[in-house]
Every structure is written in structure tokens, then in C-alpha cells.
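The chain contents come next:
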Amino acid sequence: MRLTDTPQEHEFRLRLRAWLAGVLPDLPARPSPDDWPGRRAHDLGWQRRLHDAGYAGLHWPVDAGGRGAGPARHLIFLEETERAGAPYVGANFVGLLHAGPTIAAEGTPEQRARWLPPVLRGDEVWCQGFSEPDAGSDLASLRTRAVRDGDSYVVTGSKTWTSHAEVADWCELLVRTDPAAPRHRGISWLAMPMDAPGVTVRPLRTLAGSTEFAQLFLDGVRVPVANRVGAENDGWRVTMVTLAFERGTAFAGEIVACRRTLGELARTAKADGRWDDPVLRRALGRLYAEFGALWRLTQWNVSESRLSGGVPGTGGSVLKLAYSRARQELYDTAAVVLGAGSLALEEEWARERLSSLSYTIAAGTSQIQHTIVAERMLGLPKGR
């Protein structure tokens, strides 16, 4: 893994930096956090700009609609867009970071042609239907049923913590297609249209007052068999591909954003005199080193995924563990720097601090990540 740009990569960085400088001042203001249709339109509008300029799906395979660029250009893109304050993936993070890469890796040519170009163009939004009220961390205990009926599955059950379901066009859905099989072997991965009859979306309000999550109720929803990614009852393996992307590379942009946030905190501390506090300086310095290391680990994960056919390995669990803890520490430190100003829920700092608490649960709890590292990386015996 190289840590410096080649001349060609440096030229790409400068070209991207110039494009961002020209296009960002003309972007419309980001809508209110509660205006989900407005946020969808804003985020997809940015994705369309990226697509038209040739920056969408840089690292996706060419036959999946991407540019086939190497990991170095992908990382340069993440660095430069975040440093410039450009919008991130927003409402379509599932399509761009989870479902899309999974379909690129596991889908048929017909599935790739149908679903991937609209994601890259900013035409369609995806949500994730994995967790259930009684099947979150223990995902293999999911109960949502899919019964084969001719060329369709008839799906009944419920899902929870479904991000951006209220503005999604498609849902990457896990269902149980063989209730008699062992827990991990009777699951299938489906692409469900969100406008299908029988789909009900009920928003869930978070501690911060936002409604980016929802519960889905599925009452006899018909999903074409052609929408199954992977073989019937092989959904657990396909899910591991999805989770590998979610843990291994999906946090890359957020890590760059946290490094920018850390710089803002340091400047604030210097401006209001708190920089003289050695304890605070030590905390900021340690976080600076930690996020620097996390970025290097991200570079390694992205590079390794390229060598392993595009799917990140178990190093993503190491990244996710360290990042979850570091993000919480970052916003705890922000509360020290900002004082009472970090407590007002109408301020982004307060919302981000509350959000940081969820990172030890989202994308697999820290306990699960510890188990993955122990068993799959260190070779320790499985617990009973």
C-alpha cells in the first residue's frame, strides 16, 4: 500500500479539487433535517452532478456502471470531497455503500444492469431491511417469511431500524425461505420494491428527535423470484458480503469528516483560550493520532478489498470497533470544548454526539465485532 500520490494521481487530485471549487458554491442549501423528500432531492441532485462529471462509482467495476479506478483514486475522491465540505452520500447511503456493491459482487448481469446505473445516476434510493424487533444483533434468528408462489415470493413479517425507508424505492431485504433449515441456511436476499402492495412504513423517532429510521410491516408482499440476489437459502453468505462493505469501506468518508471536525475543535479551543489546558491538548492530540491511524487502516482495507475481488475482509471489523469508540470520544471531547453549546438539540454538535452513541450497535455490535476478530483473525475457538 503506497501512502503518496503518483504523478497521475496527483493530477487527478488537482482536477477534482478544481471541479469541487467550481461547483460547490452553486449548490442549493441543505434542506431541514426533517424534510426527507427535500433531503432526498438534494442528495440525489448531488449524485447526478457527480455522475455527469465522471466521478460516480469511481471504484465500481466498469461492467457494473463504474469507472474501474483503483483504490488510490477512490481514497483521493473521499479525501478531497470531504475536505471541500461537499455533500456525502446522504439518503442513499444503503444503495451506494451496501446494496449496490453487493449486487455488483453477487448479482447476475441482468440484475447489475437493472439496479446499479440508477444508483450511480442518483435516480433511485435503497434502504436496508435486515434487523427485526427480535432479530438485531442475532440476525440469523430473523422470522420474516417468504413463501414461493410461482414466479414470486409472498413476504410476511416486519423489519426495524430501516434507514430512510420513507423515501426509498428499493429495500435490500432478508427473508426466511426455508424455516426447517438451520438458522444460517434458510435465508435469502431479496430486492423488494417499496411501492409494492402490502408494504407499510412507520417512522421511528430517535433520541435526537429525528426520523431517519422506520419500521416496515410486510403483509403478503409479492417479490419476483428474479429479484433474489444469490441462490435461494444462500442469503446468509450474501449478507456477509453486504456487511463486509458496511464495516470495511462504508465508514471511509465519515473518518475523513471526523478528522475535519477534530481540526475545527482545535481551532475553537485556541480561539477561546482552552488550548492552555494540557489535559484537553492531550485528548485532542491522541484523537488526532487515532483518526490518522484509522485513515491508514481504511486505506489498507480498500486496497485489500481490491486484491480480494472487491469485497472487504475481516479487517473491517477491526476498523469498525476502533472507529465506534473513537467517534464517541471525539464528541465527548467536543462537549468539553463547546460547553453548554453542545447540549442544544437544534445544534449539529448535539445531534452528532447523540448519534455517536449508536455506533457501537449499528452495523453489528462491538461484541459481535470482537467475536469476529477473535475467531476469524486470531483463530481462537468459538464460544459456546
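Residues numbered from 1 in each chain as written. Predicted model: local features only at pLDDT ≥ 70, side-chain atom pairs only at ≥ 80, totals over all residues. Heavy atoms only, no water.

A. Geometry of the pattern of salt bridges. Within this structure, the stated rule accounts for 25 salt bridges. Glu 80 is paired through a salt bridge with Arg 17; the nearest N and O atoms lie 2.8 Å apart. Within this pair, whereas Glu 80 is found in helix H3 (residues 71-83), its partner Arg 17 is found in helix H1 (residues 7-23), the two being separated by 63 residues in sequence. On the basis of relative accessibility, which here comes to 4%, the residue Glu 80 falls in the buried class. Notably, a salt bridge pairs Arg 237 with Asp 234, separated by 2.8 Å at the nearest N-O pair. The class of Arg 237 is partly exposed, set by a relative accessible area of 38%. (Salt bridge = Lys/Arg side-chain N within 4 Å of Asp/Glu carboxyl O. Helix = DSSP H or I, 4+ residues; strand = E, 2+ residues; numbered from the N terminus. Buried < 20%, exposed > 50% of the residue type's maximum accessible area, 1.4 Å probe, protein only.)

B. The arrangement of the pairing of strand E3 (residues 152-159) in detail. Where strand E2 (residues 145-149) and E3 come together, five bridges link them in antiparallel fashion. Following the sheet pairing, Asp 149 is matched in E3 by Ser 152. Linking two consecutive strands that pair antiparallel, namely E2 and E3, is a turn of two residues; a positive phi of about 70° is found at Gly 150 within it. Of the strand pairs in this sheet, E3 and strand E7 (residues 213-224) are connected by eight bridges, and their pairing is antiparallel. Paired with Ser 152 across the two strands is Pro 224, which belongs to E7. (Pairing = 2+ DSSP bridges.)

C. The packing of helix H4 (residues 93-106) against helix H5 (residues 109-121), seen in detail. In the contact formed by H4 and H5, the axes pass within 10 Å of each other and the chain directions differ by 155°. Relative to H5, the element H4 is oriented roughly antiparallel. In this structure, the crossing between H4 and H5 has a hand that is left-handed. Residues Gly 95, Leu 96, Gly 100, Ile 103, Ala 104 and Ala 105 of H4 form the contact with H5, whose participating residues are Gln 111, Arg 112, Trp 115, Leu 116, Val 119 and Leu 120. (Axes fitted to C-alpha atoms, helices over the stretch in contact; angles between N-to-C directions. Parallel < 35°, antiparallel > 145°, perpendicular 65-115°, else oblique. Left-handed = near helix turned anticlockwise from the far one by under 90°. Contact = heavy atoms within 4.5 Å.)

D. Examining the packing of aromatic side chains more closely. Under the counting rule described, the total for this entry stands at eight aromatic pairs. Between the aromatic rings of Trp 19 and Trp 46, the centroid separation amounts to 5.7 Å while the plane-to-plane angle is 35°, which identifies the pairing as tilted. Taken together, the residues span a long stretch of sequence, with Trp 19 in helix H1 and Trp 46 in helix H2 (residues 36-53) at a distance of 27 residues. Residue Trp 19 is classed as partly exposed on the basis of its relative accessible area of 21%. For the pair Trp 126 and Trp 170, a centre-to-centre distance of 5.9 Å together with 25° between the ring planes defines the contact as stacked. Of this pair, Trp 126 sits in strand E1 (residues 126-129) while Trp 170 is found in strand E4 (residues 170-176), placing the two residues 44 residues apart along the sequence. Exposure class is identical for Trp 126 and Trp 170. Each is buried. A cation over a ring is seen here: Arg 148 above Tyr 153, with NZ or CZ 5.8 Å from the ring centre. (Phe/Tyr/Trp six-rings, centres within 6.5 Å; stacked < 30°, edge-to-face > 60°. Lys NZ or Arg CZ within 6 Å of the ring centre and 35° of its normal.)

E. Spotlight on the side chain of Glu 80. Of note is the side chain of Glu 80, whose polar atom sits 2.7 Å from the side chain of Arg 13. Among the polar contacts made by the side chain of Glu 80, one reaches the side chain of Arg 17 at a distance of 2.8 Å. Contacts of Glu 80, omitting those with residues within four sequence positions, involve Arg 13, Leu 16, Arg 17 and Leu 20. (Polar contact = N/O pair within 3.5 Å; in protein donor to acceptor, adjacent residues only side chain to side chain.)

F. Spatial organisation of the nonpolar core. Membership of the largest hydrophobic core comes to 64 residues, with the highest contact counts inside it found for Trp 126, Trp 189, Phe 291, Leu 294 and Leu 330. Not counting the four nearest positions on each side in its chain, Phe 291 is found in contact with Ile 255, Cys 258, Arg 259, Tyr 323, Ala 326, Arg 327 and Leu 330. Ranked by size, the runner-up nonpolar core spans 22 residues in total, among them Leu 44, Ala 146, Met 192 and Leu 216. (Core = buried A, V, L, I, M, F, W, Y, C linked by side-chain atoms within 4.5 Å.)

G. Quick look at H3. Along its 13 residues, H3 runs 18 Å from first to last C-alpha, staying within 8% of the 18 Å computed at 1.5 Å per residue. Where burial is concerned, most of H3 is hidden: ten out of the 13 residues are buried. Looking one or two residues past H3, Gly 85 carries a phi angle of roughly 75°, positive in sign. (Expected span 1.5 Å × (residues − 1).)

H. A look at the side chain of Glu 124. Summarising the element assignment, Glu 124 is placed in the loop between H5 and E1. At 3.1 Å, the side chain of Glu 124 forms a polar contact with the side chain of Arg 114.

I. Expanded view of the packing of H1 against H2. Orientation of H1 relative to H2, taken along the N-to-C sense of each, is 135°, at an axis distance of 13 Å. Taken together, the axes of H1 and H2 are oblique relative to one another. Both H1 and H2 take part in a crossing whose hand is right-handed. Contacts between H1 and H2 involve Trp 19, Leu 20 and Val 23 on the former and, on the latter, Trp 46, Arg 49, Leu 50 and Ala 53. For the contact of H1 with H2, a count of residues per class yields six nonpolar, no polar and one charged. (Nonpolar A, V, L, I, M, F, W, Y, C, P; charged D, E, K, R; others polar.)

J. Inspection of unusual backbone geometry at higher detail. Not every positive phi belongs to a glycine, and His 164 is a case in point at roughly 60°. Along the chain, His 164 falls in the loop between E3 and E4. Backbone geometry at Asn 233 places phi at a positive 70°, although glycine is not the residue there. Along the chain, the position of Asn 233 falls in the loop between strand E8 (228-229) and helix H6 (235-248).

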